[in-house]
Amino acid sequence: MGPVDYVVVEFPGSRMTSEGLPLLVDLVDRGIIRIIDLLFVKKELDGSLTALELSGATGEGIPELAVFEGAASGLLGEEDLAEAASVIEPGNSAGVLVYENAWAAPFAAALRRGGAQMVASGRIPLQDLMDALEPAS
């Protein structure tokens, strides 16, 4: 298995669009990632969180989501949803996506067969990367 990551994508005003979905489907189709969990939540104005069913979203004009119905491993728990809620503004919705970096699985397996093991990993924040790559003024 490759490394597993998650993203929380906020939709201001709960206006979900399907613009990125074909790209996500393409990543899955090409075996680059494997969707482990995908769920949508809405943070109410009082701060409470409501889970949105994918089947409901497909009926609300986003039929592209139908391909992800059943993408629920049970890995995401109440604590994870509370953490996601902490970064979502009241009145907005968000997609919470947990995915395996499937492209890395054969590489990781080869390293393990050779006795190697992953001892650390991380992510460079996008803004830090952009700042570092920006030409000095």
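Residues numbered from 1 in each chain as written. Predicted model: local features only at pLDDT ≥ 70, side-chain atom pairs only at ≥ 80, totals over all residues. Heavy atoms only, no water.

**Q** Could you clarify how one ought to interpret the overall build of the chain in this entry?
**A** From N to C terminus, the chain includes 5 helices and 4 strands. Reading the secondary structure of the chain in the N-to-C direction produces β-α-β-β-α-α-β-α-α. Within the chain, buried positions represent 28% of all 137 residues. Restricting to contacts in the chain with at least 6 residues of sequence separation, those with at least 24 account for 81%. (Helix = DSSP H or I, 4+ residues; strand = E, 2+ residues; numbered from the N terminus. Buried < 20%, exposed > 50% of the residue type's maximum accessible area, 1.4 Å probe, protein only. Contact = heavy atoms within 4.5 Å.)

**Q** Looking at this model, I keep getting lost on a nonpolar patch on the surface. Mind explaining?
**A** A surface patch of nonpolar side chains, about 540 Å² in accessible area, is lined by Ile124, Leu126, Leu129, Met130 and Leu133. Looking at where Leu129 falls in the secondary structure, it is placed in helix α5 (residues 126-133). Judged by relative accessible area, which is 37%, Leu129 ranks as partly exposed. (Patch = residues over 30% accessible without salt bridge, like charges linked within 9 Å, V, L, I, M, F, W, Y side chains within 5 Å. Areas by Shrake-Rupley, 256 points an atom, 1.4 Å probe, with all protein chains shown as cover. Salt bridge = Lys/Arg side-chain N within 4 Å of Asp/Glu carboxyl O.)

**Q** Just to check I follow, could you spell out the side chain of Asp37 for this structure?
**A** Along the chain, Asp37 falls in strand β2 (residues 34-43). An unpaired buried charge is present at Asp37: no salt bridge exists, and Arg34, the closest side chain of opposite charge, is 9.1 Å distant. The contacts of Asp37, once residues within four sequence positions are left out, are Ala71, Ala72, Ser73, Gly74, Leu75, Leu76, Val96, Leu97 and Val98. (Lys, Arg positive; Asp, Glu negative; His and termini not counted.)

**Q** What is the right way to read the sheet that holds strand β1 (residues 4-11) from this model?
**A** What holds strands together in a sheet is hydrogen bonding between their backbones, with the strands either parallel or antiparallel. Within the open sheet, the 4 strands sit side by side as β1-β4-β2-β3. Their pairing is antiparallel. Taken across any chain shown, the strands that pair with only one partner, and hence form the sheet edges, are β1 and β3 (49-52). When the angles between neighbouring strand axes are averaged without regard to direction, this sheet yields 25 degrees. The pairing of β2 with β3 spans 4 bridges and is classified as antiparallel. Residue pairing for β3: Val41 is matched across the bridge by Ala51. (Pairing = 2+ DSSP bridges. Axes fitted to C-alpha atoms, helices over the stretch in contact; angles between N-to-C directions.)

**Q** Hey, could you run me through the pairing of strand β4 (residues 93-100) in this one?
**A** Two faces belong to every sheet, and in a regular strand the side chains alternate between them. Across the 8 residues of β4, 8 count as buried, placing the element largely inside the fold. By the alternation rule, side chains of β4 split into Ser93, Gly95, Leu97 and Tyr99 and Ala94, Val96, Val98 and Glu100, which are all buried. By the bridge criterion, 8 bridges tie β1 to β4 in an arrangement that is antiparallel. Bridge assignment links Val7 to a residue of β4, and that residue is Leu97. Across 8 bridges, the pairing between β2 and β4 is antiparallel. Bridging across to β4, Val41 finds its partner in Ala94.

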